[in-house]
Structures are given as structure tokens and as C-alpha cells.
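Residue-level structure breakdown
So the chains spell out like this:
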Amino acid sequence: MTRAVVVDDSNFMRTVITDVLESDGIDVVAQASNGEEAVSVVAEHEPDVVTMDVEMPKMNGIEAVEEIMERSPTPILMLSAHTEEGAEATFEALDRGAIDMLAKPGGEVSTGISAHKDALVAKVRSVVKADVSVSVPDNTMASPTNLDDSYVENATVVIGASTGGPRVVESVLAGLPRSAQLRILIVQHMPDSFTTRFAKRLDNRTEYDVKEATDGDRIGAGQALVARGDYHMEVSNYAKGRLRVRLTQDEVRHGVRPAIDVTMESAAAAITDPLTAVVLTGMGADGAVGVEAIKTAGGRTIAQDEATCSVFGIPARAIETGCVDTVLPADEVARGILSTVRKPT
């Protein structure tokens, strides 16, 4: 049985979260009302997973994550308010070693999370599978890879990731020089309240112009779009090196929206110039069909290796299709992408 610790400064929220988890067979072995208590309780009970509030007295969730990952490494799911401030704090917690995030419906204190029981339980069961021995990419000193090569024109890269993905996506994008003039589409399984902030972080920390996708957006060389949370992102048109996307709320695939497969399949159908698919850490099978579609269309395909994945689910399922060209550790994926778009010598 999965053993959990629930951390929140609201007794009401601790009770609600505990009830939700225990109703699905997850054993909540302890609770904590602030970060200091959380560090002590996790060390004492050695749970399989922790749900962590962000804003708390004495020691906040960000500081608690850092302490826990240093003293008692444990998979941590951040539960954050539905605000831009909450999103930014949550990304800071991911920087310190937290695995994934979930927005609290209705704000910091609300019964809304009971109505999202399935999402909470699914996130907890996903996070508990994470390998916390995998080091979090240090992106503070990241710089673009320079192969001293010329690149083919009008190349597009589609990147898909889930659990443990944000830091890896950032490290990959940070390693891509603007001189490669790529068009990049990013599908990261993430709540709709977080994708705007994620796109801003990528825009600030990489050489590419990155924004959250809106319906009808066009991008060209040196630009990137992040799929908006709760919307599939399809490539609807491609001409003269520019692509257009359409956002839809069609049925979820693999239990998620946006789905990697939707973007990759539509890219394979629409784009006639060089195309590369990349699948990174995450739980589930989303991306496998998309990788197969891009390979069948003549594109190149890359998967992150097991040793550097927090959860080796998405890459594993893609590799099983037999359509992955190259399997690489996280810190070599950017170089791998550039090798697919080099001009022949």
C-alpha cells in the first residue's frame, strides 16, 4: 500500500486531502501543518510520497522541499493555489526537487479538491513512481550547444513530457542555439493555470521566443509554443516555413489534455520540411503513437534514457514501438536534436 504524508497549514485541507487519498486505498501515515513539521515527519515515517502545500508559516513549501530532498529524498507533489504567484512558487519548488504539481481548485482552502479526486489520486500515484535519485537538471548555468555546423532550413521540433518534465524541457531548450532557427512545439502535461508561467520561464531562460499557444497562432524560425493547459494543440497549417496551430477541447487522450500524440500526429500530417520528435520523462503511453507517426512521415525521433528519467514511462512506450532513432541522457538531448537538423557534409 502507498504511504503518504499530507502537508498543509489548513486543518480543513489536510482532512479533505487525507479523506480523498484514503478513500482510494492510499494510507496517510502522518500530517504536518508547516514546513518544519513536514521535514521532521517525513524523516520519521519515511513515506512513499508527500503532498506539499506552498504557502505555510515557519517554513514554506519551497524550503521544506529543499530540506526533505537533502535529508530524506521522497517524491513530492506540490498543491498550489490557482494564481500566478502560486505557479511561480511551485516552479521554484520543482527547481528544488519536487516532482509534479496540481492546482487546488477554488483556492488555498476549498472543498473543490474533493470534486477533483481522480486527478489528485492519479497525480499521487504517478509521483510515487518517480526515481528521486535522478538529479534535477541545473539550468542556472545552461548555455546553448554549439556544433559549429550549418543547419537545414525550416526544421520543426515537437517535444513531449509529463511527470518530472518541466526542468528537463527547460534544459533541452536552453541547449538549443537561436542560430538553428528551429520552430518548436512543446507539450508538457500541466494544469491550465501553470502553462502561461511555464512559457514565460522558457522565454526568459532560453534563446527562443516562447509563448503559451492561443488558437490560430503562427510561428516561424526561432520561435516556440507551449500547449495551453486543458487544450489539445494541433498543427492546422504549414506553408513557407511557418506553421499555424489550432487549439481544441476534443476528448482527452491517455487521460490528458493536451496530449503529445495529438500534436505529433498533426505535425506529421501537415509538415513537409524536416521534423524531429522528442519524448522526455513521464508516466503513461502518450507520445508513442505520435513518435510512430513522425517516423513514418520520414522524421527523426529521440527518447530520453531511463537513467535520467524521473519516470521512464513515456520514453519506454515510444521505444517499444521500434520507431525511436536515438536514446539519450537528458543533458545530451539538445545535441541530439541539433544532429538531426545538420546540413549534410
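Up top is the structure these notes are about.
Residues numbered from 1 in each chain as written. Predicted model: local features only at pLDDT ≥ 70, side-chain atom pairs only at ≥ 80, totals over all residues. Heavy atoms only, no water.

Structurally, D53 can be placed in strand β3 (residues 49-53). Note on D53: relative accessible area 0%, which makes it buried. Only 3.0 Å separates the side chain of D53 from the side chain of K104, close enough to count as a polar contact. (Helix = DSSP H or I, 4+ residues; strand = E, 2+ residues; numbered from the N terminus. Buried < 20%, exposed > 50% of the residue type's maximum accessible area, 1.4 Å probe, protein only. Polar contact = N/O pair within 3.5 Å; in protein donor to acceptor, adjacent residues only side chain to side chain.)

Mapping T340 onto the fold places it in helix α12 (residues 333-340). Other than its neighbours up to four places away in sequence, T340 contacts T276, R300 and I302. (Contact = heavy atoms within 4.5 Å.)

Below, the discussion takes up the pairing of strand β12 (residues 242-248). Bridge count between strand β9 (residues 218-219) and β12: 2 bridges; the pairing is antiparallel. Note that in β12 the partner of R218 across the bridge is R244. Both strand β11 (residues 232-239) and β12 contribute to a ladder of 7 bridges, which runs antiparallel. If you follow E234 over to β12, its bridge partner there is R246. Connecting the antiparallel pair β11 and β12 is a turn made up of 2 residues, with K240 showing a positive phi of about 55°. (Pairing = 2+ DSSP bridges.)

A cis amide bond, omega 10°, links R257 with the succeeding residue P258. Looking at the secondary structure, you find P258 in the loop between β12 and α9 (260-270). For K58, which is not glycine, the phi dihedral falls at a positive 70°. Looking at where K58 falls in the secondary structure, it is placed in the loop between β3 and α3 (61-71). The exposure class assigned to K58 is exposed, which follows from its relative accessible area of 68%.

Over its 12 residues, helix α1 (residues 11-22) runs 16 Å from end to end, which matches the ideal 16 Å to within 8%, given 1.5 Å per residue. Residues of α1 that are buried include every one of M13, R14, V16, I17, T18, V20 and L21, and no others. N-cap assignment for α1: the residue whose side-chain oxygen lies 3.3 Å from the backbone N of F12 is S10. (Expected span 1.5 Å × (residues − 1).)

Burial along strand β5 (residues 100-103) is two-sided: D100 and L102 facing one way and M101 and A103 facing the other are all buried. Pairing analysis gives 4 bridges linking strand β4 (residues 76-80) to β5, with the strands arranged parallel. Within β5, the position partnered with L77 by the bridge is D100.

Below, the discussion takes up the sheet that holds strand β6 (residues 156-161). A sheet is described by the order of its strands in space; here 7 strands give the open sequence β8-β10-β7-β6-β13-β14-β15, paired in parallel fashion. Each of the sheet's edge strands pairs with one partner strand only, and the pair in question is β8 (209-212) and β15 (326-328). For this sheet the average axis-to-axis angle between neighbouring strands, irrespective of direction, equals 20°. By the bridge criterion, 5 bridges tie β6 to strand β13 (residues 275-279) in an arrangement that is parallel. (Axes fitted to C-alpha atoms, helices over the stretch in contact; angles between N-to-C directions.)

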